[in-house]
Amino acid sequence: MSALLVSVSAFAQQNATWKRLESNFQLGGGLFLESGYLAREENPGAVLRLSYGLDIRLDDQWSVMPGVGLRAQLSQIDHFMAVGNDPDGMSLADVFVTARYHFESDGTRMVVGLGPALSIMTSADTYYVDADPSDPLDGKEKFKRYDLGLQPSITFLRGKHFQWGFEGSIGLLNAMRQYPEYKRTGSVHMHYLAVTCGWHF
């Protein structure tokens, strides 16, 4: 009896329209935004992100995808290279876990995802006080070395391997380093919204 059940299970998996494990490589680019203190001065910005995720199917609709990513972001793109400008620019490594729901609508296969992402800053940003090099903030780090965000996404699947969609991140923590002794306090939450394209196999 147990041998029959194993055979039926193996047959069902072979005839499923989905794979148990699937690799996802994705490139995204779009807007980087800050909310909180100084947000008006820093927006809009640009973000570029490369990521890899291993999609683990639980059934025909649900999956969990852990993954890693590398992200570069720069604020004040409308004043890039302006004299005296000090945009927020940094690179980060992301570790994420996303719950994903797979479905089809009018013949279009889609995946909606949501989950947490932990970001570690790999290239820190520092204050550059052009007007007064003797300012005590000059050279000090602007942001904490880690951030925690909520990562929503929607992905459209085309053919056997191609995918495209939209991905975002909502920063949950105050990323700004506090310097009360220099009267530099407040809050900065980092967010982005990107158009993505990728390959799954």
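Residues numbered from 1 in each chain as written. Predicted model: local features only at pLDDT ≥ 70, side-chain atom pairs only at ≥ 80, totals over all residues. Heavy atoms only, no water.

A. Summary view of the layout of surface pockets. The volume enclosed by the largest pocket comes to roughly 470 Å³. As for the largest pocket, its lining consists of 23 residues, and the residues nearest its centre are Thr17, Trp18, Arg57, Arg109 and Leu157. Counting only elements with at least two residues in the lining of the largest pocket, the list comes to β1 (21-36), β2 (45-57), β4 (89-105) and β5 (108-123). Examining the composition of the lining of the largest pocket, we find that 4 residues originate from one element, β4, more than from any other. Per-class residue counts for the lining of the largest pocket are 7 nonpolar, 7 polar and 9 charged. (1 Å grid on protein atoms, 1.4 Å probe; cavity = no way out; pocket = protein on both sides within 12 Å on 5 of 7 lines; lining within 4 Å. Points joined across faces, edges and corners; volume = space filled by probe spheres on them. Helix = DSSP H or I, 4+ residues; strand = E, 2+ residues; numbered from the N terminus. Nonpolar A, V, L, I, M, F, W, Y, C, P; charged D, E, K, R; others polar.)

B. Region of the structure containing the sheet that holds strand β7 (residues 162-171). The strand order around the closed barrel formed by 8 strands is β1-β2-β3-β4-β5-β6-β7-β8, and the pairing between neighbours is antiparallel. The sheet shows a mean angle of 25 degrees between the axes of neighbouring strands, taken without regard to direction. Pairing geometry for strand β6 (residues 146-158) and β7, over 8 bridges, is antiparallel. The residue of β7 that forms the bridge with leucine 150 is isoleucine 170. (Pairing = 2+ DSSP bridges. Axes fitted to C-alpha atoms, helices over the stretch in contact; angles between N-to-C directions.)

C. Quick peek at the pattern of salt bridges. Under the criterion given, the structure shown has 8 salt bridges. Among the ionic pairs, arginine 100 bridges to aspartate 55, the shortest N-O distance being 3.0 Å. Note that arginine 100 is positioned in strand β4 and aspartate 55 in strand β2, a separation of 45 residues in sequence. Looking at arginine 100, the relative accessible area reads 6%, which means it is buried. Note on aspartate 55: relative accessible area 0%, which makes it buried. (Salt bridge = Lys/Arg side-chain N within 4 Å of Asp/Glu carboxyl O. Buried < 20%, exposed > 50% of the residue type's maximum accessible area, 1.4 Å probe, protein only.)

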